[in-house]
Amino acid sequence: MTWKEGVAGAAGTGQEGGAGGSIGVLVVDDHVVVRRGIRALLATVDGVQVLGEAQDGQEALEKVDTLRPDVILLDLLMPRMDGIEVTRRVLAKDPEKRILVLTSFAADDKVFPAIKAGALGYLLKDTGPEALVRAIRQVYRGESSLSPAIARKVLQELSRPSDRPPTEEPLTEREVEVLQVVARGMSNQEIAEQLMISEATVRTHVSNILGKLHLASRTQAALYALREGIASLDDAPSDDVGAA
């Protein structure tokens, strides 16, 4: 299914958003046809608003500062600055920013550096419209989303022996509990409800987990939990990387 064919199906998929009730999206891609196609698609979706476009990495950094998007939909191979470097710089300045990679490249040298840099999602450009909209909503909520082909790569990577040294400061029992549900792709609100704690407390636990494990994102934390046996694939959702 093309994006144009999926516009009607993706529209009206539920309302959700930040300020003003909409999820503000910045579309970053060096191909104008791709940017305009995404803008046309998202214009039909309730609760999602394209705030602007950027045609290269340097312009993306400028637009992030001026437009303050909730989700940055980011290509990887672009002039002046690639998407991986944009991800590093954006998250170094504001770790709470949500980045969703949308690219044609599924090679390991693109996938793993992007995830390591802190991208919450990684989709390929053959992704259907409904899956793209779903991923934007998931990433906005702080959840992870991967294309099936990328999820398979991640699972293969998980099967390799870990060379990560043990954390210098062990996780507390509560932090382990939080990490287990993070690996299941649950949002802060869902974690708070399940563990009967406040969302602020969940955010503190997640921040402590990332700091102790020297990780940049919830995606990396989920992968760490699965690789180290703290969480199981049997407990993870099957349609996105909350599962990987």
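Residues numbered from 1 in each chain as written. Predicted model: local features only at pLDDT ≥ 70, side-chain atom pairs only at ≥ 80, totals over all residues. Heavy atoms only, no water.

**A closer look at the overall build of the protein**
Note the threshold: Helix and strand definitions here come from DSSP, where helices need a minimum of 4 consecutive H or I residues and strands a minimum of 2 consecutive E residues; each element is numbered from the N-terminal end. Think of it in three bands: residues with accessible area under 20% of the maximum for their type are buried, residues over 50% are exposed, and the middle band is partly exposed, with areas taken using a 1.4 Å probe on protein chains only. Residue contacts follow a heavy-atom distance rule, with two residues in contact if any of their heavy atoms lie within 4.5 Å. Computed with the Shrake-Rupley method and a 1.4 Å probe, the accessible areas treat only the protein chains shown as cover for residues.
Of the regular secondary structure elements, the protein holds 11 helices and six strands. Taking all 244 residues of the protein together, the buried fraction comes to 50%. For the protein, contacts bridging at least 24 residues in sequence account for 68% of all contacts bridging at least 6. Surface accessibility of the protein: about 11,600 Å² in total, with carbon and sulfur atoms responsible for 49%.

**A look at the sheet that holds strand 1 (residues 23-28)**
The cut-off we apply is this: For two strands to be treated as a pair, DSSP must find no fewer than two bridges joining them. Every angle, taken between N-to-C directions, lies between 0 and 180 degrees, and every axis is a line fitted to C-alpha atoms, over only the stretch in contact when it is a helix.
Sheet architecture is open: six strands sit in the order 2-1-3-4-5-6, paired in parallel fashion. Two strands lie at the open edges of the sheet, namely strand 2 (48-54) and strand 6 (145-146), each paired on one side alone. Where strand 5 (residues 121-124) meets strand 6, two bridges bridge the pair, whose relative direction is parallel. For Gly121, the partnering residue across the bridge sits in strand 6 and is Ser145. The strands that helix 2 (residues 32-42) touches are strand 1, strand 2, strand 3 (71-74) and strand 4 (98-103); relative to strand 2, the one it contacts most, it runs at about 165°. Lying over the sheet, helix 3 (residues 57-67) contacts strand 1, strand 2 and strand 3, oriented at roughly 140° with respect to strand 2.

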